[in-house]
Structure formats: structure tokens, C-alpha cells
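# Remarks on the overall topology
Listed here are the chains, written in short residue letters.
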Protein chains: 4
Amino acid sequence: MQAENLGVDKELFEYVAESVTQSPFYNLIGVSHISLGPGSAEMIVTAGRQHTNPVDLVHGGLIMSIADAAMANSVRSMGVRPVTVDCSTSFLASAEFGKDIITRGKVIKRGKNLLFAEADVWSEGILIATAKATFFNIGDIKV
Amino acid sequence: MQAENLGVDKELFEYVAESVTQSPFYNLIGVSHISLGPGSAEMIVTAGRQHTNPVDLVHGGLIMSIADAAMANSVRSMGVRPVTVDCSTSFLASAEFGKDIITRGKVIKRGKNLLFAEADVWSEGILIATAKATFFNIGDIKV
Amino acid sequence: MQAENLGVDKELFEYVAESVTQSPFYNLIGVSHISLGPGSAEMIVTAGRQHTNPVDLVHGGLIMSIADAAMANSVRSMGVRPVTVDCSTSFLASAEFGKDIITRGKVIKRGKNLLFAEADVWSEGILIATAKATFFNIGDIKV
Amino acid sequence: MQAENLGVDKELFEYVAESVTQSPFYNLIGVSHISLGPGSAEMIVTAGRQHTNPVDLVHGGLIMSIADAAMANSVRSMGVRPVTVDCSTSFLASAEFGKDIITRGKVIKRGKNLLFAEADVWSEGILIATAKATFFNIGDIKV
């Protein structure tokens, strides 16, 4: 899928979109990019049997991973290279495999050293998780 | 790898160990079991290139997933079927691929409805993350 | 200050508003109620010198307390008696004394046993903190 | 109460102990210092009626505040001036007034910019809460 650019500088957008496409971990778990805007990112994974626990529900690790991905890329959309410092996820509802899981991350505060982001995670129109994370700025993205 | 039983009832141990072996998500990300004790669990993943982000460090999603796995299995070791309610992870240091990542989860409070657990995550003798999680008890494990 | 009722059943509103007025801890730290709506609550504290740390900034404990208060009362507005299970706060900016601190809490998921809420905390139009909390339902409020 | 020095440089210890004694917010909520060691701090509050909610239990805001206090002072014991970035608390059991509440905070990672700490909170020998927090280093303490 080709990610949509919702207003990010073209070179920065291409850098981030390419980086998502080539991330080994995102590829392993099947996460891809829907869109990138200034301070926001939308990611998707089609939950399959490989993402489940033994009782056929989607594993929380996938949900935490995709929420972190959306938040980290919302930070990257601002030209910042982040490392995650803290990530906290609340699980509101379980998700079944065979459905898309979509998450939207957005930056809520951009400080000099620290950036704060939030994400919602949805499946079939139901809010299944919320997350917030803090990132440390390790430098500008050079494009 | 055969998980070690550190004192859990034999049938319960076999149930949990088998369940870890057959978890599709654990298999996808390569997580396996080292040991299970009463209220504790130790898990391992050998970090490979498939677990990295584009800058060659292990992705935080893997670390959150393995910490959650250790905590959830520490709950299962008490005969309880858990769903994760909240999970919070702090990232203390980055981890490189090619090394083992080991995590130890333990239950710190077993309530009737809610159980609380903590986990440490280590790589090459360095503490790379700490996590805590709250689980809801959805029923006893029948073995 | 008389709290405003934004659509909660009259008897429930009066019960919750009265309970806030009579809470010893809220009185100690100076927190009062602005409004209560269905699934939402707005609280205020005028930060004074008594709320500061030795470097004259408002102490994080006050901010966590008021955010928890707004979230717990957003749960009470649904007729539920909550106990806080987990509360996570991110501090985005410091706050000075002499200014009002306002927080808005809202329920984002009402489950049978667990309710999830979020809060924003503002001072002088600046977002100084965000919080999320999970509550256990210990019974209905009888009014 | 005179705080005990468990091995901190004498001038630093006196600076931190004095700063706790003079903190307006600690005085408001009644928190004082038991001891300070290298990377650790122990604080106490005698829970009174003024710390309760309308159902006569100690308010979570007090518990979050004292846990944050213990963690922040464990950071100060290393000569670092901290601001809290993230603080996450889990409430394991309720506490009654009329009893002492004791908390022990310790630094688990001291990085250049970020420090990570944990705290346990006890009442009458029961673990009532656990917390973890991340602090940003805003400079050395000059003594």
C-alpha cells in the first residue's frame, strides 16, 4: 500500500514512508502505513491467525507494537528521530483475527528534548486500545 | 527448548508450557519459555535482524511483547486465565540484534479480580526495560 | 463554587457534587468541581504557594491528584462507584503558582467491571499534563 | 523527624533533607523524610482524616504524591535536579487513615538525560501501591 501524504514536506514524507516499508520488525508483524500528516500517522495491520494467542484473540503485543509504531511515526513526521522512553497501553476490548486493526498516533507536545504522543487503536469500528508514549529526540532527520 | 518447572503443579505447568509453544504470536516473534515457577515466568527471544528497526536496533514492540508474555505467564502459573488491562513499559537502554533478550515476570499481587505483575528485560547483562501490567481474571485454568 | 450540571440525572448530580464538596482530601488540596456531564467532569484548583516545590513550581502530586479526581468523577457521573486501579500521568510543561489549573476527565470505555478514562490538565491555556486511568466498578451509586 | 543518611555525601544529604523539610506541598500533605541513600529515598506520611475520600479510605492522590516524592528524592540523592516526565501508579490495596504510609523509591537507571525510578508503597505491612517514574535531568545540584 502506498501511504498518503497529508501535508508533510515531500522529502521528509518519502524518507519516513520508505523507512516504514523497510523496517524489518514492521514487516515481520505485518504493519504498514496508511497516512502521514504533520504530527500524525495512521498505521494498519490485517490481523491473521499468526497474531493470535491460543484462545484465538489478537495478542496484546501486536496492539502495543502498532500503537508505538503510529506514535513514533507521528514524531518522525516532524523531522525528529525518536527513541521510545515510556509507553503505556490500556486494553479496552479484545480483537479477533481476520479483521483490520487501525491506529492513529498524534504528537500532543513537541519539546526540545522530549515529545509526547497518543494513539487510539480500532478494529471494526470499536476502540480496542489507547496508548500514550514519551519519546526522546536523538536528532533531526536529514533528508 | 524445554521449559523448566520451578515448582508449579505438574499438570498446570504442562498446560502453560504447551500453550506457550503453540501460541501463534509467540512463534511469529520467536518468543519461548525458559522457566515457570509459582507466580513467575522467564521468557527468551534471540533478537535477529527481523526484530530491528531501520537503524538496526531491536524494536520496542518486541520488548513490550516479551515483557507482557512473561507477566501473563506468571499469572497463568497461578492457575488464572488473564487478559491484559494495562501495560506500561520504560525503555532504559537500546538492544542490538544477535543477542538473547531475557525477561522475568512475577506476580506482585493476586486479587480476586485483578492481578498485578512486573517484569525486567535484560540483554547481555544490561537491564534494557522494566514493565508493569494489570490483568483481569477471566476464570480458572482447567487442567 | 456551585458545580454545573451538563446533563446528569439530578439526584446523581447532587450526590456527586456533594461528595466532592465533602471530600477531605479535595478540601486539603483545594480541588473543586466546575461541571459534571454524562461521562465527564471538570475540576479546578487555584495553585498557591502551598502547592509548590522548593523551586516555586507546582508539585506533580497536585497535578496527578486533580487529574485522578476528574477521571474518578467522570466515572461517578455514570452512577458507578470507582476505585482507581492504574493511573499514568505525563508531564508536558511546568505550572506556576498563582494561576488556575483546570482538568477535564472523560470516560472512554465503560465495561461491566472496568472503566477507562482520560484527562487533560491545563494552566493559562497551556496543556501541562495528560493522564489515563483504569477504574474498577465496586457497585452502583444509590441515590 | 530527622532523616537518616544512608551513605550520601554530607552536604548533598543536608541540601536534600532541608529541601524536603521546606517543600510547601510536602508540608501541606504531611510528607516527611525517613532516610536518603545513594539512589534511594524513604518517605512517610501518617494518613489522617484529611487524606481520605468520602468513603473513609486514603485518597489515591496522596499515594501518587508520596511515591513521586520518594522517587524524585532518590534521584536528588545522586546530585541530580529532576523534573518528572512520566509517572505510573498501580493501586494494589486500599489504605485506611490512622496508619502510617511508607514508601521506598530507588533509581534503577541513571542516564545522562533521563533517570528511571521505582517505588513501593506500604501500609501496615501490606503493599498498597507500586509506581515507576521517569525524570529528566535539568542540572546538577550545587552544594
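Above this text you will find the structure in question.
Before going into details, it helps to say that this report is about the structure given with it. In this text the structure is predicted, and so the values were computed from the model without any measurement.

What counts as what
Residues numbered from 1 in each chain as written. Chains lettered and ligands numbered in written order. Predicted model: local features only at pLDDT ≥ 70, side-chain atom pairs only at ≥ 80, totals over all residues. Heavy atoms only, no water. Helix = DSSP H or I, 4+ residues; strand = E, 2+ residues; numbered from the N terminus. Buried < 20%, exposed > 50% of the residue type's maximum accessible area, 1.4 Å probe, protein only. Contact = heavy atoms within 4.5 Å. Areas by Shrake-Rupley, 256 points an atom, 1.4 Å probe, with all protein chains shown as cover. Lys, Arg positive; Asp, Glu negative; His and termini not counted. Charge placed at Lys NZ, Arg CZ, Asp CG, Glu CD. Axes fitted to C-alpha atoms, helices over the stretch in contact; angles between N-to-C directions. Parallel < 35°, antiparallel > 145°, perpendicular 65-115°, else oblique. Left-handed = near helix turned anticlockwise from the far one by under 90°. Nonpolar A, V, L, I, M, F, W, Y, C, P; charged D, E, K, R; others polar. Buried area = accessible area lost by both parts, 1.4 Å probe. Polar contact = N/O pair within 3.5 Å; in protein donor to acceptor, adjacent residues only side chain to side chain. Least-squares fit on C-alpha atoms with pLDDT ≥ 70 in both. Salt bridge = Lys/Arg side-chain N within 4 Å of Asp/Glu carboxyl O. Core = buried A, V, L, I, M, F, W, Y, C linked by side-chain atoms within 4.5 Å.

### Considering the overall build of chain A
- Along chain A, the regular secondary structure elements total three helices and seven strands.
- In chain A, the succession of α and β elements from N to C terminus is β-α-α-β-β-α-β-β-β-β.
- Projecting the C-alpha coordinates of chain A onto the three principal axes gives extents of approximately 45 × 30 × 25 Å.
- Across the 143 residues of chain A, 60% fall into the buried class.
- Excluding contacts between residues fewer than 6 apart, the proportion of contacts in chain A whose partners are at least 24 apart in sequence is 65%.
- Summed over its atoms, the accessible surface of chain A is roughly 5,600 Å², and 49% of this surface lies on carbon and sulfur atoms.
- Charged side chains in chain A number 12 positive and 15 negative. The centres of these two groups are separated by 7 Å.

### Re the packing of helix α3 (residues 60-76) of chain C against helix α3 (residues 60-76) of chain D
- At a minimum axis distance of 8 Å, the contact between α3 of chain C and α3 of chain D shows a crossing angle of 155 degrees. Regarding the angle of α3 of chain C to α3 of chain D, the classification is roughly antiparallel. Between α3 of chain C and α3 of chain D lies a crossing whose hand is right-handed. For the pair α3 of chain C and α3 of chain D, contact is made by Gly-61, Leu-62, Met-64, Ser-65 and Asp-68 of chain C and by Gly-61, Met-64, Ser-65 and Asp-68 of chain D, respectively.
- Partitioning the contact of α3 of chain C with α3 of chain D into residue classes produces three nonpolar, four polar and two charged.

### Here's the deal with the interface of chain B and chain D
- Residue-level contacts link 15 residues of chain B with 15 residues of chain D.
- Of the roughly 1,100 Å² buried at the junction of chain B and chain D (both faces included), carbon and sulfur atoms supply 55%.
- By the criterion of area lost to chain D, the three top residues of chain B are Leu-92, Phe-116 and Lys-132 of chain B, representing 45% of everything that side buries.
- At the boundary of chain B and chain D, one finds six residue pairs in polar contact (both at pLDDT 80 or more).
- Elements with a contribution of two residues or more to the side of chain B that touches chain D: β4 (80-91), β5 (100-110), β6 (114-123) and β7 (126-140) of chain B.
- In terms of residues, the side of chain B that touches chain D owes the most to one element, β7 of chain B, which gives five residues.

### Considerations on the relation of the copies chain B and chain D
- Mapping chain B onto chain D leaves a residual RMSD of 0.0 Å; the transformation is a rotation of 180 degrees accompanied by 0.0 Å of translation along its axis. Given the turn and translation reported, the copies of this chain are related as if by a two-fold rotation axis. The C-alpha atom lying nearest the rotation axis in chain B is that of Ser-88 of chain B; the distance is 3.9 Å.
- A share of 100% of interface residues in chain B that are also interface residues in chain D marks the association as one of identical surfaces.

### Side note on the interface of chain B and chain A
- Taken together, the contact between chain B and chain A spans 27 residues of the former and 27 residues of the latter.
- Across the chain B to chain A interface the summed buried area is about 2,400 Å²; carbon plus sulfur atoms make up 63%.
- Counting across the interface, chain B meets chain A through zero salt bridges.
- Those elements giving two or more residues to the side of chain B that touches chain A turn out to be α2 (24-29), α3 (60-76) and β4 of chain B.
- Sorting elements by how many residues they give to the side of chain B that touches chain A places β4 of chain B first, with eight residues.
- Tallied by class, residues from the side of chain B that touches chain A come to eleven nonpolar, 13 polar and three charged.

### Some details on the nonpolar core
- Core analysis: the largest hydrophobic core is formed by 77 residues, its most contacted members being Met-43, Met-71 and Ile-101 of chain C together with Met-43, Met-71 and Ile-101 of chain D.
- Leave out the neighbours within four places in its chain, and Ile-101 of chain D touches Met-43, Ile-44, Val-45, Ala-47, Val-58, Leu-62, Ile-66, Ala-95, Val-121, Trp-122, Ser-123 and Ile-128 of chain D.

### With respect to the pattern of salt bridges
- Counted according to the given criterion, the structure contains 16 salt bridges over all chains.
- Glu-124 of chain B is the salt-bridge partner of Lys-99 of chain B, the closest N and O atoms lying 4.0 Å from each other. With Lys-99 of chain B in the loop between β4 and β5 and Glu-124 of chain B in the loop between β6 and β7, this pair connects stretches of sequence that are 25 residues apart.
- When its relative accessible area of 57% is taken as the criterion, Glu-124 of chain B is described as exposed.
- For the salt bridge of Arg-104 of chain D with Glu-42 of chain D, the shortest nitrogen-to-oxygen distance reads 2.9 Å. Here the residue Arg-104 of chain D occupies a position in strand β5 (residues 100-110), and Glu-42 of chain D occupies one in strand β3 (residues 40-46), the gap between them amounting to 62 residues.
- The exposure class of Arg-104 of chain D is partly exposed, given its relative accessible area of 44%.
- Of the residues examined, Glu-42 of chain D reaches a relative accessible area of 16% and is grouped as buried.

### Side note on the environment of Gly-79 of chain B
All names here are of chain B.
- Its location among the elements puts Gly-79 in the loop between α3 and β4.
- Taking relative accessible area as the criterion, Gly-79 reaches 13% and is therefore assigned buried.
- Here the alpha-carbon distance between Gly-79 and Trp-122, two residues 43 residues apart in the chain, equals 27 Å.
- Sequence-distant contacts of Gly-79, that is, excluding residues within four places in its chain, are made with Leu-12, Gly-139, Asp-140 and Ile-141.

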